[in-house]
Amino acid sequence: MAKRILKLNQISLLGLDRLPRDEYEIASEFAQPDAILLRSHKLQAEDIADSVLAIARAGAGVNNIPVDSCTARGIPVFNTPGANANAVKELVAVGLLLGSRGIIEGSEYVATLKTLRDKAELNQTLEAQKKRFKGNELTGKTLGVVGLGAIGSMVAEMALTLGMEVVGYDPALSVDAAWRLPREVRKADTLSALFSRSDYITLHLPVLESTIGMINADLFAVMQPHACLLNFARQEIVDEEALVAALDERKLRKYIADFPSPDLIGRSDVILTPHIGASTDEAEDNCAIMAADQLRDFLESGNIRNSVNFPALHLERVSGYRLAVTNTNVPRILGSILALLAEQNINVVDMLNKSRDEIAYNLIDIDTLPPESLLEQMRQLEGVVNVRLIGNGKPAKDAG
Ligand SMILES: NC(=O)c1ccc[n+]([C@@H]2O[C@H](COP(=O)([O-])OP(=O)(O)OC[C@H]3O[C@@H](n4cnc5c(N)ncnc54)[C@H](O)[C@@H]3O)[C@@H](O)[C@H]2O)c1
Ligand SMILES: O=C(O)[C@H](O)COP(=O)(O)O
């Protein structure tokens, strides 16, 4: 039977084409989907049917998905790290330029001159007024980058090529991300140190319980009054009340963000875009392809790449039958599963087991089609969250 993919946002066709139509049905409504594919659609725990085996986010941020409840239910959530990083980096480059030059004000001013039909008079007026739109160059200025992952590291590299000094802050930096970082990036030990020495600050971290409202009044207090804050990460990371107060009190010059809100729209010291950081053909294709490939690999082989709540794990197929078992990360559960297989004389051909935080995930390749009653016995073991048989055949009927 074809697998059903519930698609909750528009997803690039290049990605959908990775799911062959004779094996996958894709629709925006399904009562019992096998998986969910989405972008920023806000997913509630109660909207996730019991049939759902996995959720793939074609994009970076997963704050629209109830990840904790998915983990408890044994549902891996995938995202596509890096697939839209270049698109965001380019928008940050635009943001830096908009924050440093009178581009928007100048362009708005020129639009007011539409009725001036005489070219000589128009030029004279422009030349007389252009001093109002003077800016500063980015070269030599300091950019503070908060969060040095896929996007932050590309932004840091781009800023260096513009001749900026770059200071970074990322207490959770992974070893891989550290390798990607240009060596010219200097480390700030605290956010406050980064805020106090930067002319521009750009945010590239996820919204987590610990990062909600992280950019607060204390940080606005140490900012240089000519500084600009760029937020292409998430609205919730900035304490909006403190931001508005800081703008009113001229503690920062400009706020440039991808997340409009009523109190910010229409301010001359705020530039807003409608969450278009990842909205390029290229990023949408990259994200969709990566999300679809990861989903397919999980549904067909149980392998896990780029999950935000499950361990990464890949096991080549060596037999026709594979068990994918999720359990709580406590001792002896795997032993009990293997004991059940041994009792039925089922030989384990290959196996891989990995854990992440509170859960463990196992791929167990076996040489015999297991009876449904055995799978049910496994599901009944204390600590086992779910058991899935992946293979060509269905579970064998119980003898007797
Ligand atoms: N505007 C858009 O359309 C758009 C597009 C893509 C991503 N985003 C947002 O940008 C975020 C970052 O994306 P990414 O692809 O770079 O993710 P990433 O996971 O590659 O990098 C995030 C980095 O933030 C760091 N971090 C975590 N907590 C931190 C903290 N308290 N202080 C400083 N750094 C911290 C992590 O260690 C990591 O290095 C996403 O989570 C998403 O919310 C927005
Ligand atoms: O986290 C992300 O990847 C971005 O916010 C992009 O969101 P979108 O896919 O809804 O444009």
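Residues numbered from 1 in each chain as written. Chains lettered and ligands numbered in written order. Predicted model: local features only at pLDDT ≥ 70, side-chain atom pairs only at ≥ 80, totals over all residues.

Draft legend 1. Main features of the overall build of the protein. Across its full length, the protein carries 13 helices and 16 strands. Its C-alpha atoms put the protein at 95 × 45 × 35 Å along the principal axes. In the protein, the proportion of contacts linking residues at least 24 apart, taken out of those at least 6 apart, comes to 65%. (Helix = DSSP H or I, 4+ residues; strand = E, 2+ residues; numbered from the N terminus. Contact = placed C-beta atoms within 7 Å.)

Draft legend 2. Region of the structure containing the site of ligand 2. Taken together, R39, S40, G59, A60, G61, N84, G277, A278 and S279 form the complete shell of residues around ligand 2. Taken together, the residues of the shell around ligand 2 sort by class into 2 nonpolar, 6 polar and 1 charged. (Near = placed C-beta within 6 Å. Nonpolar A, V, L, I, M, F, W, Y, C, P; charged D, E, K, R; others polar.)

Draft legend 3. Seen up close, the pairing of strand β4 (residues 54–57). Burial of the side chains of β4 extends over both faces: A54 and A56 are buried on one face and I55 and R57 on the other. As defined by bridge partners, strand β3 (residues 35–38) adjoins β4 across 4 bridges and the pair is classed as parallel. Note that in β4 the partner of I36 across the bridge is I55. This β-α-β element, β4 to helix α2 (residues 67–72) to strand β5 (residues 77–78), shows right-handed connectivity. (Buried ≥ 20, exposed ≤ 12 C-beta atoms within 10 Å, placed from the backbone. Pairing = 2+ DSSP bridges. Right-handed = clockwise from strand over helix to strand, strands pointing away.)

Draft legend 4. Here's a closer look at the site of ligand 1. Around ligand 1, a shell composed of 31 residues is seen, among which G61, G147, G149, A172 and G277 lie nearest. Where the shell around ligand 1 is concerned, the elements lending two or more residues are α3 (85–100) and α6 (150–161). The dominant element in the shell around ligand 1, judged by the number of residues it contributes, is α6, at 3 residues. Two domains each provide a minimum of three residues to the shell around ligand 1, namely domain 1 (1–84 + 280–310) and domain 2 (85–97 + 138–272). (Domains from an automatic or database assignment.)

Draft legend 5. The arrangement of the sheet that holds strand β8 (residues 186–187) in detail. Ordered by their spatial adjacency, 7 strands build an open sheet running β8-β7-β6-β9-β10-β11-β12, and the pairing between neighbours is parallel. Every interior strand has two partners, whereas the edge strands, β8 and β12 (270–272), have only one. Looking at chain direction, strand β9 (residues 200–203) and strand β10 (residues 228–231) are connected through 4 bridges and run parallel. What sits directly across from L203, in β10, is N231.

Draft legend 6. Spotlight on the sheet that holds strand β2 (residues 24–27). In space, the 5 strands of this open sheet follow the order β2-β1-β3-β4-β5, with parallel pairing throughout. The open sheet terminates on both sides in strands that have one partner only, identified here as β2 and β5. Of the pairings in the sheet, the one linking strand β1 (residues 3–7) to β3 comprises 3 bridges and is parallel in character. Its bridge partner lying in β3, L6 is registered against I36. Packed on one face of the sheet, helix α11 (residues 281–301) meets β1, β3, β4 and β5 and runs near 165° to β4. (Axes fitted to C-alpha atoms, helices over the stretch in contact; angles between N-to-C directions.)

Draft legend 7. Main features of the environment of M214. Structurally, M214 is set in the loop between β9 and α9 (217–222). Given 17 C-beta atoms within 10 Å, M214 falls into the partly exposed group. Sequence separation between M214 and I5 is 209 residues; the distance between their C-alpha atoms is 36 Å.

Draft legend 8. The arrangement of the packing of α3 against α6 in detail. The interhelical angle for the contact between α3 and α6, taken along N-to-C directions, is 45°, at an axis separation of 9 Å. If you check the angle between α3 and α6, you find them oblique. In the packing of α3 onto α6, the handedness of the crossing is right-handed. Seen from α3, the contacting residues are A85, N86, V88, K89, V92 and A93; seen from α6, they are A150, I151, M154, V155 and M158. Each residue belonging to the contact of α3 with α6 can be placed in one class, and the counts come to 9 nonpolar, 1 polar and 1 charged. (Parallel < 35°, antiparallel > 145°, perpendicular 65-115°, else oblique. Left-handed = near helix turned anticlockwise from the far one by under 90°.)

Draft legend 9. Quick look at the environment of N64. Secondary-structure assignment places N64 in the loop between β4 and α2. A count of 18 C-beta atoms within 10 Å places N64 in the partly exposed class. Here the alpha-carbon distance between N64 and K42, two residues 22 residues apart in the chain, equals 4.6 Å. If near-sequence neighbours (up to four positions away) are discounted, N64 is found in contact with S40, H41, K42 and L43.

Draft legend 10. Molecular detail of the domain arrangement of the protein. Segmentation of the protein into domains returns domain 1 (1–84 + 280–310), domain 2 (85–97 + 138–272), domain 3 (102–135) and domain 4 (315–400). Here the C-alpha centre of domain 3 lies 31 Å away from the C-alpha centre of domain 2.

Draft legend 11. Fine view of the nonpolar core. Grouped together as the largest cluster of nonpolar side chains are 86 residues, with contacts concentrated most on L37, A291 and L295. Top element by residues in this core is α11. It accounts for 10 residues. In this view, A291 contacts G15, L37, A56, R57, A58, F78 and T80; residues no more than four positions away in its chain are not counted. (Core = buried A, V, L, I, M, F, W, Y, C linked by C-beta atoms within 7 Å.)

Draft legend 12. Here's a closer look at the pairing of strand β6 (residues 142–146). The buried fraction of β6 is high, at 4 of 5 residues. Bridge count between β6 and strand β7 (residues 165–169): 5 bridges; the pairing is parallel. Residue pairing for β7: V145 is matched across the bridge by G168. One crossover worth recording links β6 to the parallel β7 by way of α6, and it is right-handed.

Draft legend 13. Quick look at the environment of H314. Its place among the elements puts H314 in the loop between α11 and β13 (321–328). Taking the C-beta count within 10 Å as the criterion, H314 has 12 such neighbours and is therefore assigned exposed. When the C-alpha positions of H314 and S301 are compared, they lie 8.7 Å apart, and in sequence the two are 13 residues distant.

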